[in-house]
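What the coordinates show
Residue strings, one per chain:
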Number of protein chains: 2
Amino acid sequence: MTETFVVVGGDAAGMSAASKVKREDPEMDVVVFERGEWVSYAACGMPYYVKGEIEDLEDLVTVTPEQFRQKRDVDLRTGHEVLAIDPDAGTVTVEDEHGERFDQPYDHLLVGTGASAIEPPFDGIGLEGVFTIHDMDEADAIDDYLEAHEPETAAIVGGGYVGVEMAEALDERGLSVSMFEMLPHILQPFGEEAARVVEGHLREQGVDLHLETAVQGFDGDGRVDRVAFEAEDGLEDAPADLVIVGVGVAPNTSLAEEAGIELGETGAIAVDEYGRTNRADIYAAGDCAEATNVVTGEPDHVPLALTANRAGRAIGQTVAGSPTPIGEIAGSAIVKAFDIGASRAGIVDEERAREAGFDPVSVSIDASSRAHYYPGATDLTVTLVADRGSERVLGASLAGPEGLKRIDTVATALEAGMTVSELQRLDLAYAPPFSPVWDPILTAGKVLSGNLE
Amino acid sequence: MTETFVVVGGDAAGMSAASKVKREDPEMDVVVFERGEWVSYAACGMPYYVKGEIEDLEDLVTVTPEQFRQKRDVDLRTGHEVLAIDPDAGTVTVEDEHGERFDQPYDHLLVGTGASAIEPPFDGIGLEGVFTIHDMDEADAIDDYLEAHEPETAAIVGGGYVGVEMAEALDERGLSVSMFEMLPHILQPFGEEAARVVEGHLREQGVDLHLETAVQGFDGDGRVDRVAFEAEDGLEDAPADLVIVGVGVAPNTSLAEEAGIELGETGAIAVDEYGRTNRADIYAAGDCAEATNVVTGEPDHVPLALTANRAGRAIGQTVAGSPTPIGEIAGSAIVKAFDIGASRAGIVDEERAREAGFDPVSVSIDASSRAHYYPGATDLTVTLVADRGSERVLGASLAGPEGLKRIDTVATALEAGMTVSELQRLDLAYAPPFSPVWDPILTAGKVLSGNLE
């Protein structure tokens, strides 16, 4: 009898799994329910749409609904919201775009419900001109707002990836940008040294950066025009004709929770190495699910695109009959900030390392991105962290104008469980236009190795 | 009693070892004999000096003789040639710049005699205007020749790194460049796919590329003006006011051989994992010595800068009392060719893999260097090779306008002995300006993984 694979949520994890199942086992029925209209889109590209570097929002769509339906034979139903899962009956309850409800049986189910932008209870968060940026419609709305109201000032609340990318985008659109971060530094997962480099660059570019500053709310007459924040001498405010709230995302877990699917300590859905939840035949992947951190070996929640795609694909293989691990995560990430950028992998923060039971030692160095004498060489700031006892590499961050994908060397070393000695002996590629003889990663390894002795 | 560490040859391996010994054990006497005047220079930068991108040859010197002598307290003697090693007596015989000879005792000796450019017995190789490029004086001589004689045409014999880099340099200097390669493709260690990409680009840039073409010799009245080569219809010739012969290098081993130091099968000096030769207290490192290939586990000879620096540094640590392995080599390399480049690691050639006892399977794909919708995205050609039985990654090459240092991910995976499944599950960093969600390395891994099933 033909089996049915049902997917809840038509973005990275869901569509990767759906496609993979159809490729490996064309006989299986694959049904995807997506409550919105967009599927399989590159959310990470949205700031560049707002910036004006990408003309059509459609360019961010990897595979169109038509392609999924016709070429890949996936029964994709947009405008369909899954209201409930009944694991005992093996069915999901679905509401279509006309409000009609029906039950859909499944043999295998993937929960790929994603995450939502957190909206803190700021005063005035409902004002026109206050946006989060977590889906395509929101990106479109920001673009429309820029066209319609020609705002001159923007306040960005939160100095994470989205905040930094939107600062660049809005500056490019001609706005005067201020940024508010509650913590002592922006880009918290990148560690202090990388953050300092990016902060300096943002300020050079004219971003009015407020660190350790809590936003209190937004003001305006229907439409936002000011942001209020807690300064040393009490409440202050600044002009803000447009506000982007980018303080993080929370996994969409209510559907799973109500079906008795267990959440992990991070608050996302707990899964095993094959992406299986605690309920039979139910998988979870993407921004709503946990994954195992390669450094700590513990469940972690790092909602990023590759993790979702990779897990979705692996679950597709497993459902089609070839059990495939979803892979571990190093939290590898890279972000552009105007003319420079930063990247990170593993555990960069010493406190986080101590919490995970390590005795962290770290170094930060500045190294040249190319041979020092080669035109265009720039400084790359490298932070490398290791465990004193085992000498195992725990993580790293990079910041500078070029060479940031070098973080992949560290991500690979983390997956292999390499020590600092092993890392600094790697045979990395050298020629003057591309690297110094000792790649910056090797140089950081040499210095850290000396500190471990 | 104070020990003496004697180094023969003042370039990468020798000076790295000398410096490291003085840093770890300042009490030790360190004497370096260098027959030329240049020490510790970046030979890889020479094409860019000829190109005109680097103003002074001195810019290629990492540490000056004065700095070695004064800051690092190394007894560096330039213009001193070591004529013989007497391992039983523990001495070397040295001739200084005035022809005076003396014996220098050692407790530890490092042979770092480097390699020399091969000069095949071409007719007319002694003509003025025919150059190899393997030391700083030669780079200077080429530059002088360009100034003095304003050649209009150049022939490059050999399509290796040096040939490709010199084609770019001489084109920039306004010469019309032809290139002659005996094999079916240039850049032999990079494999056919990467070579094809570079060949296409060289031709686009106006290089007159002759593959599978043997040069017979050079003609001219005292000064070269033509190159003769074997064409399909017999001997042909082409104008060449300047000739660069770059057909490879051979290790300088005669000093070692005469002292009874064993050479390996590759013809370079055989060493163990600490860089020790078969004679007590005598080490060898750099372009004159072998190193262990990380893929085959066998001795190999890949004369590149990092290998020399790394082995020299490790030997310095060992001599100073902390035994340190010199590290294995993946043959990692990267080369710029006009507006594109290529990189490689491990074993790319299937025949070479079979000789080493593997059953190679390889794929070549074109992948985008950035998210497909992000401005500036270009094609990267990736070849990935694995062993069918063990599924172990054996090597890879890349070619394209950007993203070539991604080869370091493969070099790291090779060091860790990863399988293709492990490689394609790596958590590599993604953001639209830097990579597609699936990095090209991961995409190649996915495709190859499918072919292994």
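Residues numbered from 1 in each chain as written. Chains lettered and ligands numbered in written order. Predicted model: local features only at pLDDT ≥ 70, side-chain atom pairs only at ≥ 80, totals over all residues. Heavy atoms only, no water.

1. Section: helix H12 (residues 440-452) of chain A
Note that an α-helix has 3.6 residues per turn; residues three or four places apart therefore point the same way. Over its 13 residues, H12(A) extends 18 Å from the first C-alpha to the last, a length consistent with the 18 Å expected when each residue adds 1.5 Å. Of all the positions in H12(A), only Pro440(A), Ile441(A), Leu442(A), Ala444(A), Gly445(A), Lys446(A), Leu448(A), Ser449(A) and Leu452(A) are classed as buried. (Helix = DSSP H or I, 4+ residues; strand = E, 2+ residues; numbered from the N terminus. Expected span 1.5 Å × (residues − 1). Buried < 20%, exposed > 50% of the residue type's maximum accessible area, 1.4 Å probe, protein only.)

2. What about the interface of chain A and chain B?
At the junction of the two partners, chain A supplies 60 residues and chain B supplies 60 residues. Roughly 5100 Å² is buried in total at the junction of chain A and chain B, and carbon and sulfur atoms are behind 65% of that figure. Here chain A is connected to chain B by two salt bridges. In this structure, the salt-bridge partner of Asp439(B) is Lys405(A), at a minimum N-O distance of 2.7 Å. The interface formed by chain A and chain B contains 20 residue pairs in polar contact (both at pLDDT 80 or more). Elements with a minimum of two residues in the side of chain A that touches chain B: helix H8 (305-319), strand E21 (333-337), helix H10 (407-416) and H12 of chain A. Sort the elements by how many residues they give to the side of chain A that touches chain B and H10(A) lands first, with eight residues. (Contact = heavy atoms within 4.5 Å. Buried area = accessible area lost by both parts, 1.4 Å probe. Salt bridge = Lys/Arg side-chain N within 4 Å of Asp/Glu carboxyl O. Polar contact = N/O pair within 3.5 Å; in protein donor to acceptor, adjacent residues only side chain to side chain.)

3. Some words on the relation of the copies chain A and chain B
Overlay of chain A on chain B (RMSD 0.0 Å): rotation 180 degrees, translation along the axis 0.0 Å. Such a combination of turn and shift is consistent with a two-fold rotation axis. Measuring from the rotation axis to each C-alpha of chain A, the shortest distance belongs to Thr409(A), at 2.5 Å. Of the residues that chain A buries at the interface, 100% are likewise interface residues in chain B, meaning the two copies contact each other through the same surface. (Least-squares fit on C-alpha atoms with pLDDT ≥ 70 in both.)

4. Section: the domain arrangement of chain A
Note: interface size is frequently given as the accessible area lost on complex formation between the parts. Residues and elements named next belong to chain A. Here the domain parsing of chain A yields domain 1 (4-36 + 79-115 + 250-319), domain 2 (119-245) and domain 3 (341-452). Across the boundary between the two partners, domain 2 contributes seven residues, which contact 11 residues of domain 3. Where domain 2 abuts domain 3, roughly 700 Å² becomes buried across the two surfaces, and 71% of that area is made up of carbon and sulfur atoms. At the surface where domain 2 touches domain 3, the tally comes to zero salt bridges. Here domain 2 is connected to domain 3 by two residue pairs in polar contact (both at pLDDT 80 or more). Residue composition of the side of domain 2 that touches domain 3, by class: five nonpolar, one polar and one charged. (Domains from an automatic or database assignment. Nonpolar A, V, L, I, M, F, W, Y, C, P; charged D, E, K, R; others polar.)

5. So, the nonpolar core
Within the largest apolar cluster, 84 residues are counted, with the highest numbers of intra-cluster contacts made by Leu384(A), Leu414(A), Leu448(A), Leu384(B), Leu414(B) and Leu448(B). Excluding its chain neighbours within four sequence positions, the residues that come into contact with Leu448(B) are Val361(B), Ser362(B), Val363(B), Leu384(B), Val385(B), Ala386(B) and Val420(B). (Core = buried A, V, L, I, M, F, W, Y, C linked by side-chain atoms within 4.5 Å.)

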